[in-house]
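# Structural overview for review
One letter stands for each residue in the lines below.
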Amino acid sequence: MDGLECSEVMLSEIPKWNPIYRLDAEFFDKKAIKIESDIRSREYFSINADEIVSGPFGSSLKSSSYLEKGDIPFVRIENIRGGFFVSHNNMIFISNQDNERIKNSELHVDDIILSKVGNTIGFFSRVDDSIEPCNISENNIGIKTSEYSKPERMYMLVYLNTKYAQKLVHRRTSGNAQPKLNVGDMALIPIPKFKEYLYKAMQHLLELSETLVKEAEQKYKDASERLAGAIGLNLISASSLSIKSLSQSFYLSGRFDAEYYQPKYDVLFETLATVKTKKLGGKHGIVSITKSIEPGSEAYTEDGIPFVRVSDISKFGISEPDIKLHSDIIPNPEVLFPQKDTILLSKDGSVGIAYKVEATMPIITSGALLHLTVRDKTEVLPDYLTLVLNSPVVQLQAERDSNGAIIQHWKPSEIENVIIPILDMDTQKEIAVRVQESFMLRKQSKQLLEYAKQAVEMAIEQGEDAAIEWLKENAELLEE
């Protein structure tokens, strides 16, 4: 029995917190049992099952109903991967008419969204007023919180993101190849009760954090608008019809599909022709491009070097990867670690996502993430280039190149030929400063969320008085 762990549970105790009579070993994880027992030994409450809803199944709302712009934001798993706040990146919409058909899963301000399938189970995000009302995909669960006060709602969001709630949520997942959380399982998660003061402290920290995120978004928007203004890019004026001869189309590109010749691409390249530009890669390009490895699922492990895939990355950061690789995956694996100022660029799946590494990261990225290193920083600043890569200037080039495929794939040869505007260094610095300020504000926002989680975990471990004192001494953010 050395190295093994077991839990001894009376048969009569099994139905107590287990109405579906699960008998698998995962459900009786020793740590999870202790956490649940400790919380249930004190005053606690649970979410009303009637307030927990699933997103509509495909038969109720087909993907053909998805809109780039529309009446009702439709939140998918990728929009909640960061936790706490719903991301607007790649947000899709549905019409009011479709929303009426699936009204039961409509959510409002302070309602909570989580994933119920796969490795993303455990991300809890709040609906804010910028996407209210919204609806959710069939892979998500919605928790309606209207019966609770504002401070209680904020506390619930923080608690559900703590390590204790995460353990209890993952305890109730089932399935091997594709883990799943049933809608009713969320009603079985105990939530410890505390005094109103702690709830208000959580509200205060979350509101401060949200304010910082909004300021960060505005800084990034300012940088993007400065870029567009500097090169004179205005895609709104593009007409809907493009007429080209064979010599202007197929003979040049080898492409016959109409999507490749949309007028917005003409507008883009006509605009770029008016400013100094340079190819992204190649022998004389702005960057050198290298590729990581594709180790295969047999190399996956629970402990080791974090393995970052496209699904783990956004233009604002890298999420904690679910998969790790053996530390001896190759000799000297540190040669694969992204170095400071390396730009990670996705070429498969969600193509064209760019993120600049702030410091050397002990991670290994999948082969679908290219490593871009700026050759001459006196010519192009990494922060400026990263913004350009995430802007319509490059996103439209990625869209044009990868159109028509069932699974998007951006060829490295096409990426090398991407056209990048080279603005004067003063303008680049101005844009880079705004980008850096945006990321700093996001970092501060994330720190506040960590303070909130630590405070709730401390309240569970040592009592809420200790948690409040810790916040006052270390965060210096609570109002007296």
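For the structure given in this document, a descriptive report is provided here. Within any chain, residue numbers begin from 1 and follow the written order of that chain's sequence. The model is predicted, so local features are restricted to residues of pLDDT at least 70 and side-chain atom pairs to those at 80 or more, both for listing and for counting; the totals for chains, interfaces and linings are taken over all residues. To obtain the side-chain values, all non-hydrogen atoms of the structure were included, while hydrogens and water were left out.

### Here we look at the packing of aromatic side chains
So the rule is basically this: A pair of Phe, Tyr and Trp rings is counted when the ring centres sit within 6.5 Å of each other, with Trp represented by its six-membered ring. The angle between the planes then sorts it: under 30 degrees is stacked, over 60 is edge-to-face, the rest tilted. Burial status follows relative accessibility: with a 1.4 Å probe on protein chains alone, a residue under 20% of its type maximum counts as buried, one over 50% as exposed, and anything between as partly exposed. By the criteria applied, helices consist of DSSP H or I runs no shorter than four residues and strands consist of E runs no shorter than two, each listed in order from the N terminus.
Under the definition given, this model contains 10 aromatic pairs. Considering the side-chain rings of Tyr 66 and Phe 74, the 5.3 Å spacing of their centres and the 35 degrees angle between planes classify their relative orientation as tilted. According to the relative accessible area criterion, Tyr 66 is partly exposed, its value standing at 31%. Judged by relative accessible area, which is 1%, Phe 74 ranks as buried. Relative to Phe 439, the ring of Tyr 355 has its centre 6.4 Å away and its plane inclined at 40 degrees; by these criteria the two rings are tilted. Of this pair, Tyr 355 sits in strand 19 (residues 354-356) while Phe 439 sits in helix 11 (residues 425-462), placing them 84 residues apart in sequence. Neither residue differs from the other here; Tyr 355 and Phe 439 are each classed as buried. An aromatic cluster of at least three residues, connected via ring pairs, comprises Tyr 155, Tyr 159, Phe 194 and Tyr 199.

### Considering the sheet that holds strand 8 (residues 135-136)
Here is the rule we go by: When DSSP finds two or more bridges between a pair of strands, those strands are recorded as paired.
Spatial strand order, 5-3-8: 3 strands in an open sheet with mixed pairing. Of all strands in the sheet, those with a lone pairing partner are strand 5 (92-94) and strand 8, marking the two edges. Of the pairings in the sheet, the one linking strand 3 (residues 72-75) to strand 8 comprises 2 bridges and is parallel in character. Bridging from a neighbouring strand, Phe 74 pairs with Asn 135 of strand 8.

### Topic: the environment of Asp 38
Note that Asp 38 resides in helix 1 (residues 30-40). In this structure the C-alpha to C-alpha distance between Asp 38 and Pro 192, which are 154 residues apart in sequence, comes to 9.6 Å.

### Re the pattern of salt bridges
Note the threshold: A carboxyl oxygen of Asp or Glu within 4 Å of a side-chain nitrogen of Lys or Arg is what we treat as a salt bridge.
The tally for this structure, following the rule as stated, stands at 28 salt bridges. Linking Lys 150 and Asp 110 is a salt bridge whose minimum nitrogen-to-oxygen distance equals 2.8 Å. Of this pair, Lys 150 sits in helix 3 (residues 150-160) while Asp 110 sits in the loop between helix 2 (96-101) and strand 6 (112-115), and the two are 40 residues apart along the sequence. The partly exposed category is assigned to Lys 150, whose relative accessible area is 28%. Several salt bridges converge on common partners, so that one network encompasses Lys 340, Asp 341, Lys 356, Glu 358, Lys 377 and Asp 383.

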